[in-house]
Amino acid sequence: MEKIKKIIREEAPPLSAEIKKLAKEYGDKVICDVTLNQVLTGMKGVISLLTATSKLDPEEGIRFRGYSIPELQKLLPKAEGGTEPLPEGLFFLMLLNRLPTDDDVKELSKDWASRADVPDYVFKIIESFPVGSHPMAQLTSAVASMSIDSKFRLAHREGLIKKDYWDLTYEDVMDLIGRLPRIAAYIYRRNYHDSKFIDPDPSLDWAANFAHMMGYDHDEVRKLFRLYLTIHTDHEGGNVSAHTTHLVGSSLSNPYYAFAAGLAGLAGPLHGLANQEVIRWIFHMLDEIGTQTPTKDQISEFVHKTLSEGQVVPGYGHAVLRKTDPRYMAQREFALKYLPDDPLFQVVSHVYEVVPPILSSIAKIKNPWPNVDAHSGVLLLHYGIKEYDFYTALFGVSRALGVLAQLVWDRALRLAIERPKSQDLAWFKQKVGAV
Ligand code: CMX
């Protein structure tokens, strides 16, 4: 989209100059002390990344370029007759730091649709996986494979100059976002629907088209997909999928490699895979208790059992958040509106009442509240998307929008290759005076 490129072309040089000036004048200022505990617990709270697209407050939750989820639900353009924001609009906001008009969003939809053709070799790679293979393995490989066509990679080989890095990165990012729903839907239909593939409908918006290619054309599913693919996009820069995409991209690896690496990180059970684990855990609980309508006491007993077996309660806790995740609340509100009587939603609601007090009583757990993954599965199940090992792929398609918008700015601002310093245990012991 020429309008997007024009804005980046105009805004990147002064911003880049501002960063250089800041570094020159204040580069020696200390901005963050680091304790041994922080090093040993995954660098929590160590401020070491420059991310523009979103910011996470422990109490309030995520804000995308300053806007909370309820604000975005009001302010972002919606599909005709739709109630939920279109993910296209959030991408525009994250990328350009301004709210899009209805026309901006329509144009973006069209642009992505025009880039949605997936090369045949990608389908062949997916076909080479045994049917039933985990969708994240297939999606990661499919995305990585497209690096052979990366416009950035090919131009870099021909001597692309630094100030144009962002332009070709942008082209790859837009191609990748355009293709992702088609690829994910192909994996879905092949794994679970006897390879009965459904052609894209380019007249639909990005989210509705994705639902359509998966086989779901119900108006409420479209609404759910728009919401789902909006709220999962970004969670500032330090989470595993965002940080990995940034880190790998910092070596000038092309966007396909960088995002494939991010997807591999998302596929861990402590991160995005938790959305499938939540449903697996709930089904296991219902099986074991022997009812679809467990009481709170029965749920409590099962939670204690999970903990006593040394397992985590999936969907609860967070590295940064210290309150209920607003992404959980947005999904709960959707459920209250569209599926208040769904029996599984009742179970999820009971779990929400039972789990926080139990986790709060365990001193080491810093956040007893639910995160985004505690709620997403029940909504998908309600509409018949029951293949829960696909859920992380849905998360991944959404996550592309945030981390790839940031990747464009990483290149536009020419952020440096990442290279923190590591030390061995002896060094740390000496440093803190433990020897
Ligand atoms: N159930 C049981 N124990 C939990 C827990 C939970 N839901 N959340 C944290 N803990 C435990 C940790 O495992 C850790 O135990 P050890 O010291 O024995 O290793 C201890 O409490 C301290 O953890 P923390 O500082 O509170 O949390 P972390 O920042 O280390 O981890 C997270 C955060 C999300 C990985 C963790 O809360 C967890 O495992 N939750 C369940 C999995 C989950 O829902 N992940 C999805 C997160 C959202 C996303 O990225 O998609």
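Residues numbered from 1 in each chain as written. Predicted model: local features only at pLDDT ≥ 70, side-chain atom pairs only at ≥ 80, totals over all residues. Heavy atoms only, no water.

Caption draft 1: Structural detail: the overall build of the protein chain. Scanning the protein chain from terminus to terminus reveals 20 helices and two strands. In terms of overall size, the protein chain behaves like a compact globule, its C-alpha atoms giving a radius of gyration of 22 Å where 435 residues would be expected to give roughly 22 Å. Taking the principal axes of its C-alpha atoms as reference, the protein chain extends roughly 65 × 65 × 45 Å. Going through the 435 residues of the protein chain one by one, you find that 53% of them count as buried. A gap of 6 Å separates the mean positions of the 50 positive and 55 negative side-chain charges of the protein chain. (Helix = DSSP H or I, 4+ residues; strand = E, 2+ residues; numbered from the N terminus. Rg over C-alpha atoms; globule rule 2.2 N^0.38 Å. Buried < 20%, exposed > 50% of the residue type's maximum accessible area, 1.4 Å probe, protein only. Lys, Arg positive; Asp, Glu negative; His and termini not counted. Charge placed at Lys NZ, Arg CZ, Asp CG, Glu CD.)

Caption draft 2: Representation of the environment of D172 within the structure. Tracing the chain through its elements places D172 in helix 9 (residues 165-192). Using a relative accessible area of 0% as the deciding quantity, one classes D172 as buried. Taking C-alpha positions, D172 is 9.7 Å from M146, a pair spaced 26 residues apart along the chain. Beyond its immediate sequence surroundings of up to four residues, D172 is in contact with S150, K151, F152, R153, N254, P255 and Y256. (Contact = heavy atoms within 4.5 Å.)

Caption draft 3: The arrangement of the packing of aromatic side chains in detail. The full count for this structure, using the stated rule, is 15 aromatic pairs. Summarising the aromatic geometry, the rings of F91 and W112 are spaced 5.2 Å apart at their centres and angled 65° between planes, so their arrangement reads as edge-to-face. Residue F91 is located in helix 4 (residues 87-96), and its partner W112 is located in helix 5 (residues 102-114); the two are separated by 21 residues in the primary sequence. The residues F91 and W112 share a single accessibility class, namely buried. (Phe/Tyr/Trp six-rings, centres within 6.5 Å; stacked < 30°, edge-to-face > 60°.)

Caption draft 4: Region of the structure containing helix 11 (residues 219-231). In this model, helix 11 (13 residues) spans 19 Å end to end at C-alpha, consistent with the 18 Å of a helix rising 1.5 Å per residue. Counting buried residues in helix 11 gives 11 out of 13 residues, a clear majority hidden from the surface. When we look at burial in helix 11, the residues that qualify are V221, R222, K223, L224, F225, R226, L227, Y228, L229, T230 and I231. (Expected span 1.5 Å × (residues − 1).)

Caption draft 5: Representation of a nonpolar patch on the surface in the model. On the surface, V34, L36, V39, L40 and V432 cluster together into a nonpolar patch covering about 410 Å² of accessible area. Inspection of the secondary structure puts L40 in helix 2 (residues 36-40). (Patch = residues over 30% accessible without salt bridge, like charges linked within 9 Å, V, L, I, M, F, W, Y side chains within 5 Å. Areas by Shrake-Rupley, 256 points an atom, 1.4 Å probe, with all protein chains shown as cover. Salt bridge = Lys/Arg side-chain N within 4 Å of Asp/Glu carboxyl O.)

Caption draft 6: Seen up close, the site of the ligand. As a structural note, the neighbourhood of the ligand is formed by 22 residues, with H271, G315, Y316, K366 and D373 the closest of them. Between the ligand and L270 there is a distance of 2.9 Å, counted from a nitrogen atom to a backbone nitrogen or oxygen. Taking Y316, its main chain carries an N or O atom lying 2.7 Å from a nitrogen atom of the ligand. Coverage of the ligand by the protein amounts to 76% of the 890 Å² it exposes when considered alone. Residue classes in the shell around the ligand are distributed as 12 nonpolar, six polar and four charged. (Near = heavy atom within 4 Å. Polar contact = N/O pair within 3.5 Å; in protein donor to acceptor, adjacent residues only side chain to side chain. Nonpolar A, V, L, I, M, F, W, Y, C, P; charged D, E, K, R; others polar.)

Caption draft 7: Inspection of unusual backbone geometry at higher detail. The phi dihedral of R65 falls on the positive side, at around 45°, and the residue is not glycine. Along the polypeptide, R65 turns up in the loop between strand 2 (61-64) and helix 3 (69-75). The class for R65 is buried, based on a relative accessible area of 19%. Even without glycine at this site, E236 takes up a positive phi of about 50°. As for its placement among the helices and strands, E236 is situated in the loop between helix 11 and helix 12 (240-249). Among the residues examined, E236 registers a relative accessible area of 23% and is labelled partly exposed.

Caption draft 8: Fine view of the packing of helix 11 against helix 19 (residues 391-412). Remark: helix 11 packs on helix 19, axes separated minimally by 7 Å, with the N-to-C direction vectors making an angle of 65°. The element helix 11 and its partner helix 19 pack so that their crossing is right-handed. Within the contact between the two elements, helix 11 uses F225, Y228, L229 and T230 and helix 19 uses Y391, L394, F395, V397, S398 and L401. Each residue belonging to the contact of helix 11 with helix 19 can be placed in one class, and the counts come to eight nonpolar, two polar and no charged. (Axes fitted to C-alpha atoms, helices over the stretch in contact; angles between N-to-C directions. Left-handed = near helix turned anticlockwise from the far one by under 90°.)

Caption draft 9: Examining the pairing of strand 1 (residues 54-57) more closely. Of the two faces of strand 1, the one lined by S54 and L56 is fully buried and the one lined by K55 and D57 carries no buried residue. Relative to strand 2, strand 1 is paired through four bridges, and the arrangement is antiparallel. Bridge pairing in strand 2 places S54 opposite F64. From the end of strand 1 to the start of strand 2, which pair antiparallel, there are three residues. (Pairing = 2+ DSSP bridges.)

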